[in-house]
Amino acid sequence: MGWTPFFLNSTDPTYRIFYRILSSPDLGCSCMAVSLLGYEVSDLCLGKPALRCLPVSATVADALAALKRSGDAYISVWSCDHTSKTTKSHLEDCRCIGKICMVDVVCFFCREDNLSSPSAALQSPISLLLPKVPGVVRHLNPNSRFQEAIDLMLEGVQNIVIPIQSRTGPRKKLVAKPSFNWTLHNGVEFCWLTQEDVIRFLLNSIGVFSPLPSLTIESLDIIETENIPSVYYHEPASIALAAISQSLTNQISVAVLDQDNKLIGEISPFTLACHDETVAAAISTLSVGDLMSYIDCGGPPEDLIRLVKARLVERNLGAFLDLIEEELSHSSSLSSSSSSSDEEYGSGRRSGSSIYSTRMVRRSEAIVCYPWSSVVAVMIQALAHRVSYVWVIEEDWSLAGIVTFSGILKVFRQHLRTQAQD
């Protein structure tokens, strides 16, 4: 064939799919594009874990417990409640209606009334945490075409929910069920596809798209320059709250700039999600620069913890201060028995502000590229850092824009459509 895919190995779930294309005789790029568009979404679900779920009737406290104990980035929210007595017709209408993450909880606690009364906030319904943007989550049948998944994502869908088709017998015998939530819906488990899954699949089939992969992001006109969430280093972090919410919705981060509008870092929902709800106090009391230090890997510095506590006292937010003390005490007790905890729950368990998920693999430095970077280099860079965007800078580090998975998907979808028509 004359080309080699990136990151392809026999243990990769997409290996079987790619091998089917590679081993097909006399296929030109056009035929391969048609074949790629014809794959079923279930082919991309191989090896994906079942979704942990919460009913829409659950509380913020339920969501917080599920996020901490699972270590998952997101928990899916469903219209049905399998823990209560419901009618069969209600269960048959069971649908995933959204998703929540730790950053949703943190932004919720940043509201002044919730800082004043965190115990009342914990009893609020999780419907208050769900994004106000409709259509973030959609269902698809497992035999739906790959191109349908791409088209949905280009319309704004972030997670596509798909029934898991088990070929090895009942999946419940293979996957341990945690006691704090459930994964079965009328005997069926679901997973979801993300933009990262689709981009990784396209990268593993990169030869289909030649010469597109070598083109620069500037020539492809996929550098976004408008409505980029950003804040200045010395501003109060509370000013960044709206930008953090926007970045979470758009699956990017908040750019942190100096007085010369040069990029010096970011506030990433990815990083915030590795903390617990008490980081809301840091957002409400610190500067942007201090917040970056607070959420950096390794845990918040003791002097910043003391500063946050002092400012909570100044603002008569004693109830939230008590919550911080409780979390710190809980984290300290868990740290003293970390060895036994790791054996029982796994090293990726997140249980407080001093214990971090293994998903956190980078600091607050921004992931950057240049306008002349190739689109395949940007794809590799984003996937390697488990983000869905890369900042674009000039040589002097001034911010030129951002490239997102959505923008990359647009050019790949158009390339596939053009080849399929040839």
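Here goes a summary of the coordinates provided. This structure is a prediction, so every number in the text was calculated from the model and none was measured.

### Some remarks on helix 9 (residues 195–204)
Thought 1: By the criterion of burial, helix 9 is predominantly enclosed, with eight of the 10 residues buried.
Thought 2: Residues Q195, E196, V198, I199, F201, L202, L203 and N204 constitute the buried set of helix 9.

### Topic: the environment of G299
Thought 1: Looking at where G299 falls in the secondary structure, it is placed in the loop between helix 13 (288–295) and helix 14 (302–314).
Thought 2: What makes G299 buried here is its relative accessible area of 18%.
Thought 3: Sequence separation of G299 and H275 is 24 residues, and the distance between their C-alpha atoms is 9.0 Å.

### As for the sheet that holds strand 2 (residues 74–78)
Thought 1: Sheet architecture is open: three strands sit in the order 1-2-3, paired in mixed fashion. Of all strands in the sheet, those bounded by a partner on one side alone are strand 1 (53–55) and strand 3 (96–101). In this sheet, adjacent strand axes meet at a mean angle of 35 degrees when their direction is disregarded.
Thought 2: Summarising the sheet, strand 2 and strand 3 pair through five bridges and their orientation is antiparallel. Residue pairing across strands places I75 opposite I100, the latter belonging to strand 3.

### Points about the sheet that holds strand 11 (residues 368–369)
Thought 1: The three strands lie next to each other as 11-12-13, forming an open sheet whose pairing is mixed. Of all the strands in the sheet, the pair left with one neighbour each is strand 11 and strand 13 (399–404).
Thought 2: Relative to strand 13, strand 12 (residues 389–393) is paired through five bridges, and the arrangement is antiparallel. Residue pairing in the sheet places V390 in a bridge with V403 of strand 13.
Thought 3: Running over the sheet, helix 17 (residues 375–384) touches strand 11, strand 12 and strand 13 and is turned about 125 degrees from strand 12.

### A closer look at the pattern of salt bridges
Thought 1: With the rule as written, the count across this model stands at nine salt bridges.
Thought 2: A salt bridge links D197 to K48; its shortest N-O distance comes to 3.1 Å. With D197 in helix 9 and K48 in the loop between helix 2 (29–37) and strand 1, this residue pair connects regions lying 149 residues apart in the sequence.
Thought 3: Here K68 ties to E277 by a salt bridge, and the two come within 3.1 Å at their closest N and O atoms. Here K68, found in helix 3 (residues 60–70), pairs with E277, found in the loop between helix 11 (269–272) and helix 12 (279–285); they are 209 residues apart in sequence, far enough to count as distant.
Thought 4: Since its relative accessible area comes to 2%, E277 is described here as buried.

### Digging into the nonpolar core
Thought 1: Ranked by size, the top nonpolar core spans 61 residues in total, and within it F146, I160, F209, I217, W391, I408 and F412 carry the most contacts.
Thought 2: Judged by nonpolar contacts, the second largest core, of 56 residues, contains I75, V231, V254 and L321.

The rules behind each value
Residues numbered from 1 in each chain as written. Predicted model: local features only at pLDDT ≥ 70, side-chain atom pairs only at ≥ 80, totals over all residues. Heavy atoms only, no water. Buried < 20%, exposed > 50% of the residue type's maximum accessible area, 1.4 Å probe, protein only. Helix = DSSP H or I, 4+ residues; strand = E, 2+ residues; numbered from the N terminus. Pairing = 2+ DSSP bridges. Axes fitted to C-alpha atoms, helices over the stretch in contact; angles between N-to-C directions. Contact = heavy atoms within 4.5 Å. Salt bridge = Lys/Arg side-chain N within 4 Å of Asp/Glu carboxyl O. Core = buried A, V, L, I, M, F, W, Y, C linked by side-chain atoms within 4.5 Å.

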